[in-house]
Amino acid sequence: MQRRYLFLDLRDLGGSVTCHHPGQVNSQAPRLPKAGETIHGHKFFIGFGGKGANQCVQAARMGAKTAMVCKVGRDVFGNDYIQNFKNNGISTAYAEQTENAATGAASIIVNDTGENAIVIVAGANMLLGQEELQRAQSAIVNAKVLICQLEINPDASLQALRMAKENHVKTIFNPAPAVADLHSDFYKASDVFCCNESEAELLTGLSVITVEDASRVGLELLSKGCGSVIVTLGPQGCVVCQSTNTVPKHIPTTAVTAADTTSLLSLLVNDSSENYFTVIWKDDFQEKHQSLGAGDSFIGALAFYMAHYPTMPLEEMARRANLVAAVSVQTVGTQTSFPFRKDLPTELF
C-alpha cells in the first residue's frame, strides 16, 4: 500500500544568494572587489539551502511528510545541513555523508545595488548516483510526489524520475540549470515540467517575454511528452499548459512589499530561475522594483498540493502556490522566510 507522504528528492546546489547551497558564505559590500583587491564589507552570514532542500522545507512546513535524498561531505557544513533537515521534521534516512568530497558550497559577494559574484563548488553533490538511489528506492516508489532538477548528475535525476514514473509516483521536474541538449526522456518522465523564461528559451530556441510567448513555448514543451508545463514569468506570474487541455492558462502573480530593505538587498540575485514575485520597497525616497527568489517556495507548495489534493486542478494548485511564495518574500531570508501552515490563510488548505 502506498505510504501517504510527500517525498522530495533533490538536493544541494543552485546558483543564487537565496541559499541554494548547504554551505553558503555570503558577504555584502559597497561594491565588488577588483582582481587582487581587498575591501571592507558590512554584512556577513552563512546560510542553509539548495533547491531541493528549500523545496523540501517549504513542503514540510505546510504539513507534508518529507524526505531528502542527497549527499554531503563529512564536515561541519554537512553535519549542520543534516541537522537542519531534522529541525524541520524532514527524514534524513537517505541523506548520506562522504569523506571523498566536501559539502557543496558557494561563496557569494553582493554589492549595495544587488550585483553579485558567485563561486560554486559542487563537491559531494556530484557523487550522488545509482547506488544511493537504489538504497532510497523503497522511499521513492512509495512516495506521492518526487521533485528532480539538474543540480546533481543528470543521469541520477533521470533515473530517479524513471523510477518514480514506473511506480505511478507523481513527478515534478525543474530543468535548472538548463541545458540545450536535454535528454528527451526528461520530458516524458515529467508530470509537471516547471521552467522559467530563460530556461524555456534555451530548451526551445524561442524568445519568452510576454504571456503569449510563454503560452507558445509551453505548448512546444508539452509536445515533447510532458504531462503538463508551467512556465514562470517573474512579475507576470506563470502560464500553465496541460496535455488534457491544450488552451494555456495565465496565472497572475501578486505584488508584495518587503519589510527589511537592507537585509533584503543582501539576498537579491541575478538568478532568473527563481524570479517569481515583484518585491517593492522604497530607499532614499526612490521606489525600486526587484524580483526576489520565491521559486523554491512555489515548487515546495506545488508539491504539497499535488500530494495532499490530487484532484485539485493544476491551475488552482499554481494559484495557491503563488500565494504561499508571496508570503515568503515578505520576510528576510530563504528557508527562514518560508511560512508554516499556521502562518497561512485557512482557505489555502
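The sections below set out a description of the structure shown in this document. Sequence order as written defines residue numbering, which begins from 1 separately in each chain. Confidence filtering applies because this is a predicted model: local features only for residues at pLDDT of at least 70, side-chain atom pairs given and counted only at 80 or more, and all residues used for totals across whole chains, interfaces and linings. Hydrogens and waters are ignored; side-chain quantities use all the structure's heavy atoms.

## So, the nonpolar core
Filter applied, for reference: Within this scheme, the nonpolar core is defined by two criteria: the residues are buried Ala, Val, Leu, Ile, Met, Phe, Trp, Tyr or Cys, and they are joined through side-chain atoms within 4.5 Å. Think of it in three bands: with a 1.4 Å probe and only protein chains considered, a residue is buried below 20% of the maximum accessible area for its type, exposed above 50%, and partly exposed in between. Secondary structure elements follow DSSP: runs of H or I no shorter than four residues count as helices, runs of E no shorter than two count as strands, and numbering proceeds from the N terminus. Whether two residues touch is decided by their heavy atoms; if any such pair falls within 4.5 Å, the residues are in contact.
Leu133, Leu146, Phe173, Leu182, Phe193, Leu221 and Val229 are the most contacted members of the largest nonpolar core, which has 41 residues in total. Sorting elements by how many residues they give to this core places helix α5 (residues 154-166) first, with six residues. With residues up to four places along the chain from it excluded, the contact list for Leu182 reads Leu150, Phe173, Tyr187, Phe193 and Leu203. Within the second largest apolar cluster, 32 residues are counted, among which are Val192, Phe298, Ala307 and Leu314.

## What about the pairing of strand β4 (residues 91-98)?
Put simply, the rule reads: Strands pair, by our definition, only if DSSP identifies at least two bridges between them. Here the term right-handed applies to a crossover when the path leading from its first strand over the helix to its second strand runs clockwise, the strands being oriented away from the viewer.
Alignment of strand β3 (residues 67-73) against β4, held across six bridges, turns out to be parallel. Residue pairing for β4: Gly73 is matched across the bridge by Thr98. Each parallel crossover has a hand, and the one from β3 via helix α2 (residues 76-87) to β4 is right-handed.

## Here's the deal with the packing of helix α1 (residues 51-61) against helix α10 (residues 295-308)
Stated precisely, the cut-off is as follows: Angles here are taken between N-to-C directions and fall from 0 to 180 degrees, while the axes themselves are lines fitted to C-alpha atoms, restricted in helices to the stretch in contact. Throughout, the term roughly parallel applies to angles under 35 degrees, roughly antiparallel to angles over 145, roughly perpendicular to angles from 65 to 115, and oblique to all others. By convention the crossing between two helices is left-handed if the near helix lies anticlockwise of the far one by an angle smaller than a right angle, and right-handed if it lies clockwise.
Relative orientation of the contacting elements α1 and α10 amounts to 50 degrees, with a least axis distance of 7 Å. For the element pair α1 / α10, the angle class is oblique. In the crossing of α1 with α10, the sense of the turn from one axis to the other is right-handed. Contacts from Lys51, Asn54, Gln55, Gln58 and Ala59 of α1 reach α10 at Asp296, Ser297, Ile299, Gly300, Ala301 and Phe304.

## Overview of the environment of Leu348
Relative to the elements of secondary structure, Leu348 occurs in the segment after α11 (314-328). Between the C-alpha atoms of Leu348 and Arg320, which are 28 residues apart in sequence, the distance is 6.3 Å. Sequence-distant contacts of Leu348, defined by excluding residues within four places in its chain, comprise Tyr305, Arg320, Leu323 and Val324.

## Here's the deal with the packing of helix α7 (residues 197-204) against helix α8 (residues 211-222)
Viewed as axis vectors pointing N to C, α7 and α8 meet at an angle of 55 degrees, and their least axial separation amounts to 10 Å. As summarised for this structure, α7 and α8 are arranged oblique, according to the angle between their axes. Between α7 and α8 lies a crossing whose hand is left-handed. Between α7, through Ala200, Leu203 and Thr204, and α8, the contact on the second element is made entirely by Val217, Glu220 and Leu221.

## What to know about the state of the cysteines
Two cysteines whose sulfur atoms are joined by a covalent bond form what is called a disulfide. Here is the rule we go by: Defined by distance alone, a disulfide is two cysteine sulfur atoms within 2.5 Å.
Tallied over the entire structure, the rule returns zero disulfides. Of the cysteine sulfurs around Cys195, a residue in no disulfide, the closest is that of Cys194, at 6.9 Å. Judged by relative accessible area, Cys195 falls into the buried class, the value being 2%. No disulfide involves Cys241; its sulfur sits 9.7 Å from the nearest other cysteine sulfur, which is in Cys195.

## Details of the sheet that holds strand β8 (residues 170-173)
Judged by pairing direction, the sheet is mixed, and its six strands sit side by side in the order β7-β8-β9-β10-β11-β12 without closing on themselves. The sheet is open, and its two borders are formed by β7 (145-148) and β12 (245-251), each paired with just one other strand. Adjacent strand axes in the sheet meet at a mean angle of 15 degrees when their direction is disregarded. Pairing between strand β11 (residues 238-242) and β12: four bridges, direction antiparallel. Among the inter-strand pairings, Val240 is bridged to a residue of β12, identified as Lys249. The strands touched by α10 are β7, β8, β9 (192-196) and β10 (228-232); relative to β8, the strand with the most contacts, the crossing angle is about 165 degrees. With respect to the sheet, α11 is in contact with β9, β10, β11 and β12, its orientation differing from that of β11 by roughly 160 degrees.

## Some points on α8
To keep things clear, this is the line we draw: In a helix, the anticipated span is given by 1.5 Å times the number of residues less one.
For α8, with 12 residues, the first-to-last C-alpha span of 16 Å sits near the 16 Å given by 1.5 Å per residue. Among the residues of α8, Val211, Asp213, Ala214, Ser215, Val217, Gly218, Leu221 and Leu222 are the ones counted as buried. Residues of α8 that are buried sit in contact with α6 (184-188), β9, α7, β10, β11 and β12.

## Brief notes about the packing of aromatic side chains
Here is the rule we go by: Any pair of Phe, Tyr and Trp rings, taking the six-membered ring for Trp, is counted once the centres come within 6.5 Å. Such a pair is stacked with planes under 30 degrees apart, edge-to-face with planes over 60 apart, and tilted for the rest. Two thresholds decide whether a charge sits over a ring: the Lys NZ or Arg CZ must be within 6 Å of the ring centre and within 35 degrees of the ring normal.
Counting across every chain of the model gives eight aromatic pairs. Their ring planes at 20 degrees and their centres at 4.6 Å tell us that Phe173 and Phe186 sit as a pair that is stacked. Here Phe186 lies in helix α6 and Phe173 lies in strand β8, a separation of 13 residues in the sequence. Phe186 carries the same exposure label as Phe173, and that label is buried. Ring pairs connect the aromatic residues Phe173, Phe186, Tyr187 and Phe193, which therefore count as one cluster. Positioned above the aromatic ring of Tyr187, the side-chain terminus of Lys224 is 5.5 Å from the ring centre.

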